[in-house]
Amino acid sequence: MPSEELVRGVLYLSLTVVGVPGNASVILAFLLLLYQENRLLPADAIVLHLACVNLLVVVVRCLLETLASFSLANVFGDLGCKSVIFVYRTSRSLSIWITFLLSAYQCLSITPPGSRWASVRTLLARYLGFVFLFLWVLNTCMTSAAILFSFGTKNESSPITHGINIQFCYVNFPSKLSKEANGIAQVVRDVVPMALMTLASLILLVFLYKHSHQVKGLRSSSSGGGGGAEQRAAKVVVALVSLYVVLYGVDNGLWVYTLTVSETMPSSLISDLRIFFSSLYAALSPVVIIASNRKVNGRLKCIVQEKPAHEKDTSLTNM
């Protein structure tokens, strides 16, 4: 195996090992919470949806890339490439928009009761299912180019001049204009929620700053513990958004560089780096959620503690 493919395989394997069990654990914790309480708060539903989309990113892209890199399985024919690139790009952009939705909802959650923004939060919570549906339709429509222009093999008789090399697949656009138009549309699709969630995070940071000063002033009073849940949730959202801005910032920077190259690059290095950094968010975000979300952390601890107890009861019964 060439050293380049070995490095690719190891990197994607590391993302798979972290991302699949991490996102699956978050999903399991919220499903257990739903079973116990018969409902999910809107913020919990958003985080659950984010974990589902991130799991899809890691499985469809990282796991399949790992299997192909180690020659264990290869689904990257023409149909496979169209399917993988379409599902990956759709779930990737959904991950971005749902992260923005989470930051926006948390920003609305700290508004005073009875205000206009509190009413917006109530409407958002009521129609959250329709918001999810709208985001799925929007991002699915914007990823249709992956179905039209993706191929699994390179046709040597007709060289690819306006394409993108993605190691096992090629995305071949019919003209330079179509390549640039598709690229600009993807950048705008990413930059808009990126700018909005950055603004929401700045508002949350101001809230955390003011809250910390209020707590210092009321530390001697028994009433100084209010707002702890909102503060913890705000910190989680700021951490997720910061992680997103760094990783997807690198991803979009590399994507813009790809658009400026006049010919199809013979190496897939730039595309591999883009996919790695964008998938890194999907793999690391559940780690942040598990470490900071008490509901997720508590449910996972219950699962871990109940298993030894069940085994102990079974052994006592068999004695």
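This report concerns the structure included in the present document. (Residues numbered from 1 in each chain as written. Predicted model: local features only at pLDDT ≥ 70, side-chain atom pairs only at ≥ 80, totals over all residues. Heavy atoms only, no water.)

1. Here we look at the overall build of the protein chain
The condition that has to hold: Going along the chain from the N terminus, every DSSP run of H or I of four or more residues is numbered as a helix, and every run of E of two or more is numbered as a strand. Relative accessibility decides the category of a residue: with a 1.4 Å probe and only protein chains considered, values under 20% of the type maximum give buried, values over 50% give exposed, and everything between is partly exposed. Throughout, a residue-residue contact means that at least one pair of heavy atoms, one from each residue, lies within 4.5 Å. Per-residue accessibility takes into account occlusion by the displayed protein chains alone, with areas from the Shrake-Rupley method and a 1.4 Å probe.
Counting its regular elements, the protein chain contains ten helices and three strands. Along the chain direction, N to C, the helices and strands of the protein chain fall in the order α-α-α-α-α-α-β-β-β-α-α-α-α. In the protein chain, which comprises 319 residues, the share counted as buried stands at 44%. Sequence-distant contacts, at least 24 apart, represent 77% of the contacts inside the protein chain between residues at least 6 apart. Taken as a whole, the protein chain presents about 16200 Å² of accessible surface, with 68% of it coming from carbon and sulfur.

2. Considering the side chain of Ser201
Mapping Ser201 onto the fold places it in helix α7 (residues 176–217). Among all residues touching Ser201, those that are not within four sequence positions of it are Val238 and Val241.

3. Topic: a nonpolar patch on the surface
Selection criterion: Each patch is built from residues lacking any salt bridge and having more than 30% relative accessible area; the joining distance is 9 Å for like charges and 5 Å for nonpolar side chains (Val, Leu, Ile, Met, Phe, Trp, Tyr). A pair is scored as a salt bridge if a Lys or Arg side-chain nitrogen falls within 4 Å of a carboxyl oxygen belonging to Asp or Glu.
Taken together, the side chains of Leu13, Val17, Val18, Leu284 and Val287 present a nonpolar region at the surface, about 370 Å² in accessible area. Elements with a contribution of two residues or more to the nonpolar patch: α1 (3–37) and α9 (269–292). Per-element tally for the nonpolar patch: the top contributor is α1, with three residues. Tracing the chain through its elements places Val287 in helix α9.

4. Focus: the packing of aromatic side chains
As a reminder of what qualifies: Geometry of aromatic contacts follows a simple scheme: Phe, Tyr and Trp rings, the Trp one being its six-membered ring, pair when their centres are within 6.5 Å, and the pair is stacked under 30 degrees between planes, edge-to-face over 60, tilted otherwise.
The final tally for this structure, using the stated rule, is three aromatic pairs. Pairing Phe276 with Phe277 gives two aromatic rings, centres 5.7 Å apart and planes at 80°, and the pair type is edge-to-face. Under the relative-accessibility criterion, Phe276 is labelled buried at 18%. Classification of Phe277 by relative accessible area gives partly exposed; the value is 23%.

5. Remarks on the packing of helix α2 (residues 42–69) against α9
Definition in use: Between the N-to-C directions of two axes lies an angle of 0 to 180 degrees, each axis being a line fitted to C-alpha atoms and, for a helix, fitted only over the stretch in contact. Should an angle fall under 35 degrees it is taken as roughly parallel, and over 145 as roughly antiparallel, whereas 65 to 115 is taken as roughly perpendicular and any remaining angle as oblique. In a left-handed crossing the near helix is turned counterclockwise from the far helix by less than a right angle, and in a right-handed crossing that turn is clockwise. Amino acids outside the nonpolar list (Ala, Val, Leu, Ile, Met, Phe, Trp, Tyr, Cys, Pro) and the charged list (Asp, Glu, Lys, Arg) are all regarded as polar, and Gly is one of them.
Contact geometry of α2 with α9 gives a least axis separation of 9 Å together with a crossing angle of 140°. Classed by the angle they form, the pair α2 and α9 counts as oblique. Seen along the crossing, α2 lies across α9 with a hand that is left-handed. Note on element contacts: α9 touches α2 through Ile275, Ser279, Tyr281, Ala282, Ala283, Ser285 and Ile289, opposite Val47, Leu50, Asn54, Val57, Val58, Arg61 and Cys62. Considered class by class, the residues forming the contact of α2 with α9 number ten nonpolar, three polar and one charged.

6. Thoughts on helix α3 (residues 78–109)
Cut-off, in case you're wondering: Helices are assigned an expected span. That span is 1.5 Å times one less than the residue count.
The end-to-end C-alpha distance of α3, which contains 32 residues, comes to 46 Å, matching closely the 46 Å that a straight helix rising 1.5 Å per residue would cover. Judged by how many residues are buried, α3 sits mostly within the fold: 27 of 32 residues are covered.

7. Let's talk about the pattern of salt bridges
Considering all chains together, one arrives at six salt bridges under this definition. Here Lys295 and Asp44 are joined by a salt bridge, their closest N and O atoms 2.7 Å apart. With a gap of 251 residues between them, Lys295 in helix α10 (residues 294–318) and Asp44 in helix α2 connect regions that are remote in the sequence. For Lys295, a relative accessible area of 29% puts it in the partly exposed group. Taking the relative accessible area as the measure of exposure, Asp44 reaches 7% and is therefore buried. Between Asp190 and Arg92 there is a salt bridge whose closest N-O contact spans 2.8 Å. Residue Asp190 is found in helix α7, and its partner Arg92 is found in helix α3; the two are separated by 98 residues along the sequence. Residue classification places Asp190 among the buried residues on the basis of a relative accessible area of 2%. Taken together, the shared-partner salt bridges in this structure form one network comprising Arg8, Arg61 and Glu65.

8. Thoughts on the nonpolar core
Burial of nonpolar side chains together is a common tendency in soluble globular proteins. What counts, and what does not: Throughout this description, the term nonpolar core refers to a set of buried Ala, Val, Leu, Ile, Met, Phe, Trp, Tyr and Cys residues connected via side-chain atoms within 4.5 Å.
The biggest cluster of nonpolar side chains holds 74 residues, and the ones touching the most others in it are Ile46 and Tyr281. If you tally residues by element for this core, the top one is α3, at 15 residues.

9. Points about the packing of α3 against helix α5 (residues 128–141)
Viewed as axis vectors pointing N to C, α3 and α5 meet at an angle of 140°, and their least axial separation amounts to 9 Å. With respect to their mutual orientation, α3 and α5 come out oblique. Two packed elements cross with a definite hand, and for α3 against α5 that hand is right-handed. Here α3 contributes Phe86, Thr90, Ser93, Leu94, Trp97, Ile98 and Leu101 to the contact with α5, which in turn contributes Leu128, Val131, Phe132, Leu135, Trp136, Asn139 and Thr140.

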